[in-house]
Amino acid sequence: MESRTLKSRQTLTLIAIALGLVLFVAVNVIVNHTLRAARVDLTQTRLFTLSEGTHRILGKIDEPVTIKLYFSPRLGREIPLYANYHARVRDLLEEYASLAGGKLKTEYYDPTPYSDVEDRAVAYRLQGVPMEAGGEQVYFGLAGTNSTDDEEIIPFFQPERERFLEYDLTKLVYNLANPKRRQVGLISALPIAGDAMPRMPGQMPAPWVVVDQIRQNFTLRQFGSDTANIPSDLDLIMVVHPKELSEDGQYAIDQFVLRGGRALIFVDPNSEVDAQRPNPNGVPGPTASDLPTLFKAWGIELAQDRVIGDRFTAMKVNAGTQARPRVMDYIAWMSLKAPNMNRNDAIAGELNQINLASAGILKPTEGAATSFTPLLYASPGAMSLEVDKIKFGPDPAQLLKDYKAGNEQLVIAARVSGPAKTAFPDGPPKVEGRPPVPDRAPHIAESQGPINVIVVSDTDMLDDRFWVSSQDFFGQRVVQPSASNGDFVVNALDQLMGGGDLIGLRSRGISARPFELVQSIQRDAEQQYRSKERALQDKLRETEKKLSDLQTRDQAGGAAILSPEQQKAIEDARRDIISTRQELRGVQRDLRQDIDRLETTLRAANIALVPVLVAILAMVLGWVRIWRRRRRAATA
Amino acid sequence: MLNTFTIFRRELTSYFITPLAYIFIVIFLATAGTLTFFVGNFFTRGQADLEPFFGFHPWLYLILIPAITMRLWAEERKTGTVELLLTLPISMTQAVLGKFLAAWVFAGIALALTFPMWITVNVLGSPDNGTVLAAYGGSWLMAGAFLAIGAAISPLTKNQVIAFVLTTAICFIFTVSGSGLVLNFFSGWAPTLVVDTIAAFSFITNFNAIARGVIDLHNLIYFASIIAFFLFVNVQLVDLKKAG
């Protein structure tokens, strides 16, 4: 009888547990499919909350936009990371659709192998990735279309770019909703849009990442440095490193700007990219660029043969050899952070970091009618350096040793606006024996409205190696920015042309949070030890020279036997060299010592400190308990 | 409510009377620190966040939490105190809840004692403290889920070793259920809905989602429902064993 009740009780328990399990699974399945957008975003930059810009862009869609997401479930099964990311992309798209109020439609497809859906994914040029060599392809991409049959795609969603997901999607929607692309003209002495003549046979002339980024937002049209006419249908002209810009070209820019065209200009007292380019004639050409005539008319100037050295934003470089690296600050390479940017201006207002190499100094000319708004500037205490000091094999240690803090604000990039007069008061430049340029608009001597120009005194900031790393993902270039250089350029273009919604969106994702304490210890230690190291190195060199002098003198004298004094001198010199080397090694070791000590302290604090305290507490409590028990026993 | 609190207090005090609590805390802290610095390369990484620290939490809990829960009911059964406990005028649910809450608060204390990590990262740089807070919250929730599973297994056996091994095994399944290893096993025959559901039932997936700095309602409901379900199982099993 009793065993039967137990049996039935067991059955009841099992049924109850099974029902509980069903309820548990059901709740989670339902929640997973319905409540995806309810969340609290605790991140500092609200990474997972849609920004104002996205809200505005989605609210302004006129013509309907359709977004088609292609995702192979197999990819999610084999690599769960992608399943999670897919869920996030889908959530976000649903949120977009609800914000766009019916103007944005979402469709989801499973491109199973050899299906029509897969064919359509391929037709959209989405990236197929084989799960195993030669096996079936999986997809995780997106295609967007609008009513005029424009197409925008994201070929493959990379989880590494999750931080930029909102930007990528919003930009895609924006481009579809605003199909008329703005036109940017480019005049560049650097192969920024891809090299016209590949230097290595078979090598594709890849454009710089910054140009890719510009092309995603605008239509880019290239002009040669001898162009005499800038078409008036351009919205903006971007000039990069104008070192051999013809008179005609300068005149064309002058007139374009006076007529209300916008300009973004990159000059450089020392373009390191240019200096590194192999020269066909073998003779190194000039690596500086400037537009003195135009700048004067606009009320600015670039300091001649000067670059900025800034100890406080200096980047780390390896000043040793590959085998024995010696990392130290190089003051001519700067990594600008928030304090070096004009936060009140939308262009740099939200950027986190901009990297520059040997940037120049911009100044307003006295009595200029235009206003000069600095956008990027060096730290207080930065110095102005002669360009020759860094042009040929700069010595970072020597630069640090000779560092003298300046007391001026050195401006790297500035916005110039206001009324301006032409730089060519005598009309278009005349060249002997050449027919006049056709289709040239009549000369104007003064700006019709305020001019709008942004000037940046560094061209190296456009170079990939200073701000971006790219890797090849099945033939597709995947780009990981480490600084916001590209965003700065696109922001500047966008701002100059008057579109602002995308600005706040860009670059929200870059979130490098370095150990600032370690960096400052490193800086201080370097200051302290570098001069000592320098002195020791000088001494070493001197002694080595003395030794070799002694030895050659002996050989020249032809004496077979050295006098005891000579022998002693050589011995002394040798001993000196050995001890100096030892000292030098000591100094180099000291450089890291403070940081190593910090690491050891932190390790100890985090691994042992609290456990030891807890153990002591346990022992004390245990002892108290025993003592109490004994006392109780004694009194009893 | 009051009864639950009484049980809770009795249980929590009992942790700190025996050396168990101290040993657990010492091992938890030392292991977490060691893994963060030596395996996670916290310092050489040079980034002011606690990713290398929180990344090890699921695995630490996998080994350490069953050690707390294995004695939760098994010991009471062995020493016979379970009969005593159940003759008291309290309901089964109150007893189960009190015991669970005590263990959860205890785990919370151990977790809170990792505060030097948080100080360290703030001294070294400027971390996103919102993300750190979310990750701590997520970690504590996950600890609750581990504890609930362990608590449910505990009354099944008088043998603590068996309780430990069983708990670890089941927790392991929950920990890795989002990984390709497990999903591949199901993907051949089970419908997509089932596979997706299994993938969504992973501790690591849900914890990582919270540790990014976003507290998503469905991640919260996931952990809450795990805790609720296993506590329900716990009540059922204790009830059954009492009858038996």
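Positions within a chain are numbered from 1, following the residues in the order the chain's sequence is written. Labels are handed out in written order, letters beginning with A for the chains and numbers beginning with 1 for the ligands. This being a predicted model, a pLDDT of at least 70 is required before a residue's local features are given, and a value of 80 or more before pairs of side-chain atoms are given or counted; all residues contribute to the totals for chains, interfaces and linings. Note that water and hydrogens are dropped before the side-chain values are worked out from all heavy atoms of the structure.

Trainee: Which residues make up the overall build of chain A, and what are the values?
Mentor: Helix and strand counts for chain A come out as 15 helices and 22 strands. Burial status across chain A gives 48% buried among its 636 residues. Residues are treated as being in contact if the distance between any of their heavy atoms lies within 4.5 Å. When contacts within chain A are restricted to residue pairs at least 6 apart in sequence, long-range pairs at least 24 apart make up 75% of them. Here the accessible surface of atoms and residues is derived via Shrake-Rupley with a 1.4 Å probe, and residues count as covered only by protein chains that are part of the display. Accessible surface computed for chain A: about 31900 Å², of which carbon and sulfur atoms make up 54%. Under the scheme used here, helices are H or I runs from DSSP no shorter than 4 residues and strands are E runs no shorter than 2 residues, and both carry numbers assigned from the N terminus. Under the scheme applied here, a residue whose accessible area is under 20% of the maximum for its type counts as buried, over 50% as exposed, and between as partly exposed, the area being computed with a 1.4 Å probe on protein chains only.

Trainee: Tell me what's going on with the sheet that holds strand β13 (residues 314-318) of chain A, and back it up with residues and numbers.
Mentor: Residue and element names in this part refer to chain A. By the convention used here, strands pair only if DSSP detects at least 2 bridges between them. Read across the sheet, three strands follow the order β13-β14-β15 without closing on themselves; strand pairing throughout is antiparallel. The open sheet has two edge strands with one neighbour each: β13 and β15 (354-357). Shown here is a sheet whose adjacent strand axes are inclined to one another by a mean of 55 degrees, direction ignored. Angles run from 0 to 180 degrees between N-to-C directions of axes, and those axes are lines fitted to C-alpha atoms, restricted for helices to the stretch in contact.

Trainee: Could you give an account of the pattern of salt bridges, with specific residues and numbers?
Mentor: Residues and elements named next belong to chain A. What counts as a salt bridge is simple: a side-chain nitrogen of Lys or Arg found within 4 Å of a carboxyl oxygen of Asp or Glu. Throughout the structure, instances matching the rule amount to 16 salt bridges over all chains. Arg 221 is the salt-bridge partner of Asp 233, the closest N and O atoms lying 3.3 Å from each other. Of this pair, Asp 233 sits in the loop between β8 (219-223) and β9 (236-240) while Arg 221 sits in strand β8, placing them twelve residues apart in sequence. With relative accessibility at 47%, the residue Asp 233 sits in the partly exposed group. With a relative accessible area of 27%, Arg 221 lands in the partly exposed category. Among the salt bridges present, the one from Asp 538 reaches Arg 541, with a minimum N-O distance of 3.6 Å. In this pair, Asp 538 and Arg 541 both sit in helix α14 (residues 516-557), three residues apart, roughly one turn of the helix. Residue classification places Asp 538 among the partly exposed positions, given a relative accessible area of 33%. What makes Arg 541 partly exposed here is its relative accessible area of 49%. Here the salt bridges share partners, and the residues they tie into one network are Lys 568, Asp 572 and Arg 575.

Trainee: So what's going on with a positive patch on the surface? Residues and values would help.
Mentor: A cluster of basic residues, Arg 628, Arg 629, Arg 631 and Arg 632 of chain A, forms a positive patch at the surface. On the secondary structure map, Arg 631 of chain A appears in helix α15 (residues 564-635). The patch calculation keeps residues exceeding 30% relative accessible area without a salt bridge and links them within 9 Å when they carry like charges or within 5 Å when they are nonpolar (Val, Leu, Ile, Met, Phe, Trp, Tyr). Counted charges follow a simple rule, with Lys and Arg positive, Asp and Glu negative, and His plus the chain ends left uncounted. The location of each charge is read from NZ of Lys, CZ of Arg, CG of Asp or CD of Glu.

Trainee: Which residues make up the interface of chain B and chain A, and what are the values?
Mentor: How big an interface is tends to be reported as the loss of accessible area on association of its parts. Between chain B and chain A, the contact holds 62 residues from the first and 57 residues from the second. Between chain B and chain A, roughly 5200 Å² of surface is buried when both sides are summed, and carbon and sulfur atoms account for 69% of that area. Connecting chain B to chain A are one salt bridge. A salt bridge links Arg 9 of chain A to Asp 239 of chain B; the nearest nitrogen and oxygen atoms lie 3.8 Å apart. Pairs of N or O atoms are called polar contacts if they sit within 3.5 Å, as long as, within protein, a hydrogen donor faces a hydrogen acceptor (for residues adjacent in sequence, only side-chain-to-side-chain pairs). For the pair chain B and chain A, the interface holds nine residue pairs in polar contact (both at pLDDT 80 or more). If you tally residues by element for the side of chain B that touches chain A, the top one is helix α15 (residues 217-243) of chain B, at 14 residues. Here the nonpolar group is Ala, Val, Leu, Ile, Met, Phe, Trp, Tyr, Cys and Pro; Asp, Glu, Lys and Arg are the charged ones; every other residue, Gly included, is treated as polar. For the side of chain B that touches chain A, the residue count by class is 37 nonpolar, 21 polar and four charged. Note that strand β1 (residues 39-41) of chain A and strand β1 (residues 214-216) of chain B share three bridges and pair antiparallel. Defined in terms of a 1.4 Å probe, buried area is the accessible area two parts forfeit on being brought together, summed over both.

Trainee: Tell me about the nonpolar core, residues and numbers included.
Mentor: Counting 88 residues, the largest nonpolar core has Tyr 15, Phe 28, Phe 203 and Phe 223 of chain B as its most contacted members. Ranked by residue count, the leading element in this core is helix α10 (residues 129-153) of chain B, at 15 residues. If we skip the residues at most four places from it in the chain, Phe 203 of chain B touches Met 142, Ala 145, Phe 146, Ile 149, Cys 171, Phe 174, Thr 175, Tyr 222, Phe 223 and Ile 226 of chain B. By size, the runner-up hydrophobic cluster in this structure holds 69 residues, among which are Ile 214, Ala 332, Leu 375 and Ile 454 of chain A. The term nonpolar core refers to a set of buried residues drawn from Ala, Val, Leu, Ile, Met, Phe, Trp, Tyr and Cys, joined through side-chain atoms within 4.5 Å.

Trainee: Residue-level account of the packing of aromatic side chains, with values.
Mentor: Aromatic rings from Phe, Tyr and Trp, taking only the six-membered ring of Trp, are treated as a pair when their centres fall within 6.5 Å; an angle between ring planes under 30 degrees marks them as stacked, one over 60 as edge-to-face, and anything in between as tilted. A complete count under the given rule lists 40 aromatic pairs over all chains for this structure. Here Tyr 82 of chain A and Phe 156 of chain A contribute two aromatic rings whose centre-to-centre distance is 5.9 Å and whose plane-to-plane angle is 80 degrees, an arrangement assigned as edge-to-face. In this pair, Tyr 82 of chain A is assigned in helix α4 (residues 80-99) and Phe 156 of chain A in the loop between β6 (151-154) and α6 (165-177), connecting sequence segments 74 residues apart. Each of the two residues, Tyr 82 of chain A as well as Phe 156 of chain A, counts as buried. Geometrically, the ring pair formed by Phe 16 of chain B and Phe 106 of chain B is edge-to-face, given 5.7 Å between the ring centres and 75 degrees between the ring planes. Here Phe 16 of chain B, found in helix α1 (residues 2-17), pairs with Phe 106 of chain B, found in helix α8 (residues 92-112); they are 90 residues apart in sequence, far enough to count as distant. On the basis of relative accessibility, which here comes to 23%, the residue Phe 16 of chain B falls in the partly exposed class. Under the relative-accessibility criterion, Phe 106 of chain B is labelled buried at 0%. Above the ring of Tyr 108 of chain A, the side-chain terminus of Arg 90 of chain A is found at 3.9 Å from the ring centroid. Only when the NZ atom of a Lys or the CZ atom of an Arg is both within 6 Å of the ring centre and within 35 degrees of the ring normal do we say a charge sits over the ring. Over the aromatic face of Tyr 403 of chain A sits the side chain of Arg 311 of chain A, whose NZ or CZ is 5.8 Å from the ring centroid.

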